[in-house]
Amino acid sequence: LECAVRAGSVPLRLAFESLLAVADCLAGEVTRADVRLADAFFLCDTEAAPLLEKVLVHSAAGLVALLLGEVERAHATLGAAWNMKGFTGLPAAVGLPVLAHRVYAAADMACAEEACTLADLLGEQVIPPPSRLLNGYRHLALGVLVGRRGRHDEDLVAPARRQQPRVEVTTGGEREAS
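Since we're looking at a predicted model, the values are computed, not measured.

A. Summary view of the overall build of the protein. When you go through the protein residue by residue, the secondary structure sums to 9 helices and 2 strands. Secondary structure of the protein in N-to-C order comes out as α-α-α-α-α-α-α-α-α-β-β. Considering the protein as a whole, with its 178 residues, one finds that 32% of them fall into the buried category. A separation of at least 24 residues holds for 46% of the contacts in the protein among residues at least 6 apart in sequence.

Now the structure itself:
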């Protein structure tokens with residue numbers, strides 16, 4: 001942090017301040033994190049503050065507000081980050097904490113519809129879509145298990161069937177469902 005301050009690098013200072021604020025929260029020093037981020041918010045209003053670092057500061061500030069029990073402030077801070085132009089283009093590792101903290105804030109404020117919508121978005125981001133390769137290996141493993149046992153065990157195969165999407169396979173111009 002001192003190097004970033006001496007170098008006059010606003011992006012580095014904002015990144016360090018947000019990281020240190022989260023570390024403060026993990027250490028139980030939530031008030032210290034809140035003070036640290038109050039200073040960082042002033043830098044967020046300058047032209048030298050890039051989007052990524054602004055979102056990091058807002059994300060950390062939302063967490064701090066939640067931990068302090070200031071749900072309305074958390075909701076507003078996280079909503080401001082969410083609505084920043086270019087937010088959706090940021091890496092998932094940056095946006096995911098904002099989304100997760102927003103779900104918590106919306107639920108704590110009894111905004112059921114918003115919490116459900118955000119929870120669905122969170123689920124879409126953290127639960128990967130079905131992978132054909134993974135499903136193929138799952139079926140291979142189940143086939144080996146069935147072969148070793150010498151019998152077909154519907155209790156093992158049924159869950160995999162429910163999770164497997166139907167895929168059309170083209171063989172010589174004809175379509176077959178597999």
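B. The arrangement of the pattern of salt bridges in detail. Per the counting criterion, the structure on display carries 7 salt bridges. A salt bridge links Glu70 to Arg73, with the nearest nitrogen and oxygen atoms 2.6 Å apart. Judged by relative accessible area, which is 33%, Glu70 ranks as partly exposed. In this structure Arg73 comes out as partly exposed when scored by relative accessible area, which is 32%. Residues joined by salt bridges that share partners form a network here, namely Arg13, Glu17, Asp24, Arg32 and Arg36.

C. Region of interest: the layout of surface pockets. As a volume, the largest pocket reaches approximately 200 Å³. Along its surface, the largest pocket is lined by Ala15, Ser18, Leu19, Val22, Leu56, Ser59, Ala60, Leu63, Ala93, Val94, Pro97 and His101. Those elements that provide at least two residues to the lining of the largest pocket are helix 2 (10-26), helix 4 (51-67) and helix 6 (92-108). Of the residues assigned to the lining of the largest pocket, the class counts are 9 nonpolar, 3 polar and no charged.

D. The side chain of Ser18, seen in detail. Note on placement: Ser18 falls in helix 2. Polar contacts involving the side chain of Ser18 include one to the main-chain carbonyl oxygen of Ala15, which spans 2.9 Å. Here Ser18 is in contact with Leu37, Leu56, Val57 and Ala60, once residues within four sequence places are set aside.

The rules behind the values
- Residues numbered from 1 in each chain as written.
- Predicted model: local features only at pLDDT ≥ 70, side-chain atom pairs only at ≥ 80, totals over all residues.
- Heavy atoms only, no water.
- Helix = DSSP H or I, 4+ residues; strand = E, 2+ residues; numbered from the N terminus.
- Buried < 20%, exposed > 50% of the residue type's maximum accessible area, 1.4 Å probe, protein only.
- Contact = heavy atoms within 4.5 Å.
- Salt bridge = Lys/Arg side-chain N within 4 Å of Asp/Glu carboxyl O.
- 1 Å grid on protein atoms, 1.4 Å probe; cavity = no way out; pocket = protein on both sides within 12 Å on 5 of 7 lines; lining within 4 Å.
- Points joined across faces, edges and corners; volume = space filled by probe spheres on them.
- Nonpolar A, V, L, I, M, F, W, Y, C, P; charged D, E, K, R; others polar.
- Polar contact = N/O pair within 3.5 Å; in protein donor to acceptor, adjacent residues only side chain to side chain.

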